[in-house]
Amino acid sequence: MPEKRDYYEVLGLKKGASEDEIKKAYRKLAKKYHPDLNPGDKEAEAKFKEVGEAYEVLSNPEKRSRYDQFGHAGVDSSYGAGAGAGGFGGAAGFDFSDIGDIFGSFFGGGFGGFGGGGRSRNPNAPIRGNDVNIRLNLTFMEAAMGCKKQISVPRLERCDQCQGTGAAAGTQPETCPDCHGTGQVHVSQRTPFGMVQTSRVCSKCGGKGRIIREKCSKCGGMGRVKVTKKLEVTVPAGIDDGQTFVLRGQGDHGVNSGPAGDVNVTVGVKPDPLFRRDGYDIWCEIPITFTQAVLGDEITVPTIDGKVAYQVPEGTQPGTVFRLRNKGISYLNGRGRGDQYVEVTLEVPKGLTGKQKEALKAFDQLTGEKNYEKRKSFFEKLKNWKK
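Keep in mind that this is a model prediction, so the values were computed, not measured. (Residues numbered from 1 in each chain as written. Predicted model: local features only at pLDDT ≥ 70, side-chain atom pairs only at ≥ 80, totals over all residues. Heavy atoms only, no water.)

Quick look at the sheet that holds strand E15 (residues 340-346) now. Ordered by their spatial adjacency, four strands build an open sheet running E10-E11-E15-E14, and the pairing between neighbours is mixed. Of all strands in the sheet, those with a lone pairing partner are strand E10 (276-278) and strand E14 (321-324), marking the two edges. Neighbour-to-neighbour, the strand axes of this sheet turn through a mean angle of 30°, independent of strand direction. (Pairing = 2+ DSSP bridges. Helix = DSSP H or I, 4+ residues; strand = E, 2+ residues; numbered from the N terminus. Axes fitted to C-alpha atoms, helices over the stretch in contact; angles between N-to-C directions.)

Residues in a regular strand project their side chains so that they alternate between the two faces of the sheet. Bridge analysis of strand E11 (residues 281-288) against E15 gives seven bridges, and the strand direction is parallel. Bridge pairing links Ile286 to Val344 in E15. The pairing of E14 with E15 spans four bridges and is antiparallel. Across the sheet, residue Leu324 finds its bridge partner in E15, namely Gln340.

If you check which residues of helix H4 (residues 61-70) are buried, you get Lys63, Arg64 and Tyr67. Buried residues of H4 fall within an arc of 100° about the axis and therefore sit on the same side. Turned more than 90 degrees off the buried face of H4, the exposed positions are Pro61, Glu62, Gln69 and Phe70. Contact partners of the buried residues in H4: helix H1 (7-10), helix H2 (19-33) and helix H3 (42-58). (Buried < 20%, exposed > 50% of the residue type's maximum accessible area, 1.4 Å probe, protein only. Arc of directions from axis to C-beta. Contact = heavy atoms within 4.5 Å.)

Remember, this is a structural readout, not a statement about activity or role.
So this is what it looks like as structure tokens:
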């Protein structure tokens, strides 16, 4: 009988490893060497059994204690030191729920020997097509007001030559003789934990349940072909940068007469030189002259609906914000609109001539502190302020 390797070495651990470390190591190696993932690989099968044997001992506190003290002789009766009840082939002291959890995480609960019993999906049932995601770039005005756009959608459509069967003209797919149309075969295997029944994808039909003897020349047996479809879409007014609208049933065609997927159109909105969006409100800045701010004036304000006139009141201060009601963005899929906010900025003139400067000094001499409310308030505070 060949000499057994140290169980800690088998799992790639050091003596004294924690329970979590043991379980984690076992999960990784059991998945790596499982026969379902290595069909026909005798070496992998042997390592799978070795890993299972090591875990069976090291995961059991009592067996691990005997193993740490006496080695293999403490847990294997074939080494002459009676393992007692619960040797490696038995169930005593071993938590099979751990193995069920581990195998379930690998294979979706298909291990009948551990209470899995999951039923396989019918490979010939209708399957919905995948969604297609595209990006559509818009200007600020197109997003605000809504528009019509033509888009190109790459999608899978049913092959018109074979009508989606994948078979050449005059032929039909045949039911797979190995899985009888289910797409899966059941295999019983002897493991360190007893007989385990697993379900695996049928290798003959690749899990499709059908075999195509002669494939369609256009789609290569897939039943669908890749095309680019031109669609005219209506972009809803009020959509914002990063938002998505959906075109129902315009995505990939389904399989086995399943419904088509959708097209998800995500919008990108380019910045505008005049407007800035804040939710459903619009902001813009308008520079005015010193004279307009002092005396008041009628100014032209741009909006997404066109230009409007607005009367700036006398004595308007820099940074003043006024509101134009219902001149903002339309509520998406709803009634009403936001507002437009206009911030007034005062532009100080540059490059004055001597005559202009003299006139400005004369004006300054004619004005007093009473004409400047903020200055008057500031200097009163400064006079009473103590450091």
